[in-house]
Amino acid sequence: MSAEHPPYSQCYINTWTILSIVVALVLFSMFVFGQHFLAAGHIVWDLIRWIFSPII
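What counts and what doesn't
Counting restarts for each chain, with residues numbered from 1 along the sequence as it is written. For this predicted model, a pLDDT threshold of at least 70 governs which residues receive local features, and a threshold of 80 or more governs which side-chain atom pairs are given and counted, while totals over whole chains, interfaces and linings are taken from all residues. In computing side-chain values, all of the structure's heavy atoms are included and hydrogens and water are not. Secondary structure elements follow DSSP: runs of H or I of four or more residues count as helices, runs of E of two or more count as strands, with numbering from the N terminus. Under the scheme applied here, a residue whose accessible area is under 20% of the maximum for its type counts as buried, over 50% as exposed, and between as partly exposed, the area being computed with a 1.4 Å probe on protein chains only. Each accessible area is a Shrake-Rupley result for a 1.4 Å probe, and residues are judged covered by the shown protein chains and nothing else. A helix's residues, less one, multiplied by 1.5 Å, set its expected span. Pairing of aromatic rings covers Phe, Tyr and the six-membered ring of Trp, with a centre-to-centre limit of 6.5 Å; geometry is then stacked below 30 degrees between planes, edge-to-face above 60, and tilted otherwise. Here the term patch refers to residues with relative accessible area over 30% and no salt bridge, with like charges joined within 9 Å and nonpolar side chains (Val, Leu, Ile, Met, Phe, Trp, Tyr) within 5 Å. A pair is scored as a salt bridge if a Lys or Arg side-chain nitrogen falls within 4 Å of a carboxyl oxygen belonging to Asp or Glu.

Digging into the overall build of the protein chain
Working step 1: Across its full length, the protein chain holds two helices and zero strands.
Working step 2: By residue count, 7% of the 56 residues in the protein chain fall in the buried class.
Working step 3: Accessible surface computed for the protein chain: about 5,300 Å², of which carbon and sulfur atoms make up 73%.

Overview of helix 1 (residues 10-33)
Working step 1: Here helix 1 is 24 residues long and its end C-alpha atoms lie 34 Å apart, about the 34 Å a rise of 1.5 Å per residue gives.
Working step 2: Immediately downstream of helix 1, the backbone of G34 shows phi near 90°, a positive value.

A short note on the packing of aromatic side chains
Working step 1: Scanning the model with the defined rule gives one aromatic pair in all.
Working step 2: Arranged with centres 6.4 Å apart and planes meeting at 70°, the rings of Y12 and W16 form a pair that is edge-to-face. Of this pair, Y12 and W16 both sit in helix 1, four residues apart, roughly one helical turn.
Working step 3: Under the relative-accessibility criterion, Y12 is labelled partly exposed at 43%.

With respect to a nonpolar patch on the surface
Working step 1: Nonpolar side chains collect at one region of the surface, where Y8, Y12, I13, W16, L19 and V23 lie side by side and expose about 600 Å² of accessible area between them.
Working step 2: Locating V23 in the fold gives a position in helix 1.
Working step 3: By relative accessible area, V23 is classed as partly exposed at 42%.

Right, dumping it as structure tokens:
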């Protein structure tokens with residue numbers, strides 16, 4: 001079996017990893033400190049509610 005390129009580039013994987021960590025930290029901070037931690041806390045919750053409305 002020959003060594004082939006991975007299906008995704010390492011830059012793509014690193015970018016999504018960093019983005020996931022940043023989003024998780026923002027959400028965790030909002031859970032711990034409340035929606036007033038960020039000025040856009042209410043907007044973030046509305047966006048999350050809209051995205052996941054088919055699941056909820």
